[in-house]
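# Understanding the architecture of this molecule
Single-letter residue listing:
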Amino acid sequence: MSGSPPEWDHVLKVLEATFGFAGFKSAEQEAAVRAVLHGGQDVFVCFPTGGGKSLTYQLPAVVLGGVTLVISPLLALIEDQVTALQSLGVHAATINSRTPRAERFDLLQQLRARPCPLRLLYLTPETLQTDEMQQLIQALYDDSVLRLMAVDEAHCVSEWGHDFRPAFRRLAVLRRLCPTTPVMALTATAQAQVQSDIITTLKLRNPAVVRRSTYRDNLTLEVRMKDMYPNLMGDITTFIEAQHEAATARGQAASGIIYAFRREDCEAVAGAVQRHLTRAGIRCAAYHAGLNAEERNRIQHEWTVGHIHVVAATIAFGMGIDKANVRYVVHATMSKSLEAYYQEAGRAGRDGQPAVCRLYYAQSDMSLFQYLQQKEAKSRQNKEQPDRGDHLRHMQHYCLAATCRHAVIARHFGEALSPCQTRCDCCREPESVQKQLRCVAGPSLSPLSLSTS
Ligand SMILES: Nc1ncnc2c1ncn2[C@@H]1O[C@H](COP(=O)(O)OP(=O)(O)OP(=O)(O)O)[C@@H](O)[C@H]1O
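Residues numbered from 1 in each chain as written. Predicted model: local features only at pLDDT ≥ 70, side-chain atom pairs only at ≥ 80, totals over all residues. Heavy atoms only, no water.

### Points about the pattern of salt bridges
To keep things clear, this is the line we draw: Within this document, salt bridges are pairs made up of a side-chain nitrogen of Lys or Arg and a carboxyl oxygen of Asp or Glu, the two lying within 4 Å of each other. The numbering of helices and of strands both runs from the N terminus, where a helix is a DSSP run of H or I of at least 4 residues and a strand a run of E of at least 2. Burial classes follow relative accessibility: with a 1.4 Å probe on protein chains only, a residue under 20% of its type's maximum area counts as buried, one over 50% as exposed, and anything between as partly exposed.
In the structure shown here, the tally under the stated rule is 23 salt bridges. Close ionic contact of arginine 104 with glutamate 132 constitutes a salt bridge, the shortest N to O distance being 2.7 Å. Note that arginine 104 is positioned in helix H5 (residues 101–112) and glutamate 132 in helix H7 (residues 131–142), a separation of 28 residues in sequence. We classify arginine 104 as partly exposed; its relative accessible area is 26%. Look at glutamate 132 and you get partly exposed, because its relative accessible area is 32%. Salt-bridge contacts for aspartate 265 lead to arginine 262; the nearest nitrogen and oxygen are separated by 2.9 Å. Note on arginine 262: relative accessible area 42%, which makes it partly exposed. A single salt-bridge network, built from bridges that share partners, covers Glu222, Arg224, Asp235, Arg358, Arg405, Asp425, Arg428 and Glu429.

Below is the structure:
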């Protein structure tokens, strides 16, 4: 980075004037911004879901001027961020496979213009691999226009992460093209092994590592053994109604997400909610890949603005969603890894207010996922793939824990956390958890022995 670091007063002014925030969300958010702006350093950022990672590169992007390049895995996520930045008056754009020809031509012109009017350019790792993009980035660098590069959802870089994307592995090209531009890597889920893999792969140089605990103290974590609920739909609708009643009693509007594995399950949940809760004014829709894109966008929009209260969805829903008042996230089927669960459940309570995350576990779901993974591994015949079974086992371990669930998550991410006391069912109602575990494990297995493997 060239020139002297910006005055901190100026940074705070931009924070308020452009982003509308009176201060930083946390000391760590401020530390990450300082490391880039004052240290000109590479930075590794690991904050919990909803922790305010985006601002740690968006604020420097505005303060530094020039162009900041952001690499992000999902078009939906990119489009949400670009729209949000544009609404704040920040000139952000994306070039990707969906960009119409004329718009693409116009953006390329802007990127070649000096001074360049664009502040943030969002690309997927795949788009970055094209010669045209690499030449463009090289030119931005050579002309000292490129100020910062950020790799969002950086766990996708690591083979050990839950969401590995091979194109992320080739992002070292950023360092080759732009050797002195600071790089930020951001994620919500990185164990030590994933963190060091990210740092090595992206060739971060002596990075400032800024981590916040994964602990989300406003989330109540619950697990229910599915086999104990012969009327699962009934239990889910009762749960939803109770959440809405509680929110109304607090004078709040509430919304929620029910994740299900198959499209039919999404439809079944949506149907049950409509049948039983329409009278209570609770509106629900199903969201899955069987709907066309227009219909999916409509449902997401109506949920975002509060016309629909609950979406019964496959995990395709929610990526990049930043909705404040999600009061509950229910998993009718376990996730495939604890990292994925943490991300999905983490869409609850982003406003810091209390929210409930409930998961229904069944051994039959675990067996189904194991079977599907084995099938996938066989069809790929790729012996170098890490054993995904570990991810499933960690998820199962969480479900069958008879100790504090927040502590199980913290331990998984290499942190220590004493029992939360009240924010998970293990702490709040240990006897009921023991009873449920005895039911699934059979009388000969002590539930505690399940939780200490
Ligand atoms: N300094 C701040 N003051 C108040 N709110 C903030 C601040 N910084 C960010 N936020 C808000 O916090 C919320 C979460 O931020 P963001 O979407 O960047 O989270 P994230 O860390 O990327 O989470 P996830 O990994 O779940 O996507 C957003 O609504 C954002 O506007």
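The discussion continues.
### Remarks on helix H14 (residues 338–345)
Since there are 3.6 residues in each turn of an α-helix, residues three or four apart along the chain are aligned in direction. Within H14, 8 of the 8 residues are buried, which leaves it mostly tucked inside the rest of the structure. Turning to H14, its buried residues are Leu338, Glu339, Ala340, Tyr341, Tyr342, Gln343, Glu344 and Ala345.

### A closer look at helix H10 (residues 192–201)
Rule in force here: Residues are treated as being in contact if the distance between any of their heavy atoms lies within 4.5 Å.
Of all the residues in H10, the buried ones are Val194, Gln195, Asp197, Ile198, Ile199 and Thr201. Where H10 is buried, its residues contact strand S1 (43–46), helix H8 (166–169), strand S6 (183–187) and strand S7 (208–211). Immediately beyond the C-terminal end of H10, within one or two residues, lies lysine 203, with a positive phi of roughly 55°.

### Some words on the nonpolar core
Filter applied, for reference: Nine residue types can take part in a nonpolar core, namely buried Ala, Val, Leu, Ile, Met, Phe, Trp, Tyr and Cys, and a core is a set of them joined through side-chain atoms within 4.5 Å.
Tyr361 and Tyr398 are the most contacted members of the largest nonpolar core, which has 49 residues in total. If sequence neighbours within four positions are ignored, tyrosine 361 has contacts with Val223, Arg224, Met225, Lys226, Asp227, Met334, Met366, Gln396, Cys399 and Leu400. Residues Phe168, Ala185, Ala190 and Leu202 belong to the second largest nonpolar core, which totals 41 residues.

### With respect to the state of the cysteines
Let me state the cut-off plainly: Here, two cysteine sulfur atoms that lie within 2.5 Å of each other are counted as a disulfide.
Following the criterion strictly, the structure yields 0 disulfides and no others. Looking at the unpaired cysteine 46, the closest cysteine sulfur is the one in cysteine 156, lying at 13 Å. When its relative accessible area of 1% is taken as the criterion, cysteine 46 is described as buried.

### Overview of the side chain of arginine 224
Mapped onto the secondary structure, arginine 224 falls in strand S8 (residues 219–225). In this structure, arginine 224 is in contact with Tyr229, Arg358, Leu359, Tyr360, Tyr361, Asp425, Glu429 and Gln436, ignoring residues within four places of it in sequence.

### Focus on the UniProt feature "domain: Helicase ATP-binding" (unreviewed entry) in the protein
Heads up, the condition is: UniProt positions are given in the numbering used here, feature names are shortened, and annotations may be inferred rather than shown by experiment.
Under the local residue numbering, the UniProt record ascribes the feature "domain: Helicase ATP-binding" (unreviewed entry) to residues 34–208. Along residues 34–208 the backbone is 42% helical and 16% strand, and the end-to-end C-alpha distance reaches 10 Å.

### Digging into the site of the ligand
Condition: The criterion for a residue being near a molecule or strand is simple. One of its heavy atoms has to lie within 4 Å of it. Think of a polar contact as two N or O atoms within 3.5 Å of one another; within protein, one of them needs to be a possible hydrogen donor and the other a possible acceptor, and neighboring residues in sequence only count if both atoms come from side chains. Accessible surface area values rest on a Shrake-Rupley calculation with a 1.4 Å probe, where residue burial reflects the displayed protein chains alone. Note on residue categories: nonpolar means Ala, Val, Leu, Ile, Met, Phe, Trp, Tyr, Cys or Pro, charged means Asp, Glu, Lys or Arg, and polar means any other residue, Gly included.
Near the ligand you find 14 residues, and of these Lys25, Gly50, Ser54, Asp322 and Arg350 are the closest. A distance of 3.2 Å separates an oxygen atom of the ligand from a polar backbone atom of glycine 51. Protein chains shield 76% of the accessible area of the ligand, which is 640 Å² for the free molecule. The residue makeup of the shell around the ligand, split by class, is 3 nonpolar, 7 polar and 4 charged.

### So, unusual backbone geometry
Proline 115 follows arginine 114 through a cis peptide bond whose omega is 0°. Tracing the backbone through its elements, the reader meets proline 115 in the loop between H5 and strand S4 (120–123). Phi angles above zero are rare outside glycine, and lysine 203 is one such case at about 55°. With respect to the helices and strands, the residue lysine 203 is situated in the loop between H10 and S7. The phi angle at glutamine 421 is positive, at roughly 80°, despite the residue not being glycine. Assignment of secondary structure puts glutamine 421 in the loop between helix H17 (405–412) and helix H18 (425–428).

### Looking at the sheet that holds S4
For clarity, the cut-off: At least two bridges found by DSSP between two strands are what make those strands a pair. Comment: axis = line fitted to C-alpha atoms, over the contacting stretch for helices; angle = value between 0 and 180 degrees taken between N-to-C directions.
Spatially, S3-S4-S2-S5-S6-S1-S7 is the arrangement adopted by the 7 strands of the open sheet, whose pairing is parallel. Looking at the sheet topology across the chains shown, the edges are occupied by strand S3 (92–94) and S7. Adjacent strand axes in the sheet meet at a mean angle of 20° when their direction is disregarded. Across 4 bridges, strand S2 (residues 67–71) lies against S4 in parallel orientation. Residue pairing for S4: valine 70 is matched across the bridge by tyrosine 122. Each of S1, strand S5 (146–151), S6 and S7 is contacted by helix H2 (residues 27–37), which is oriented at about 165° to S7, the strand it contacts most.

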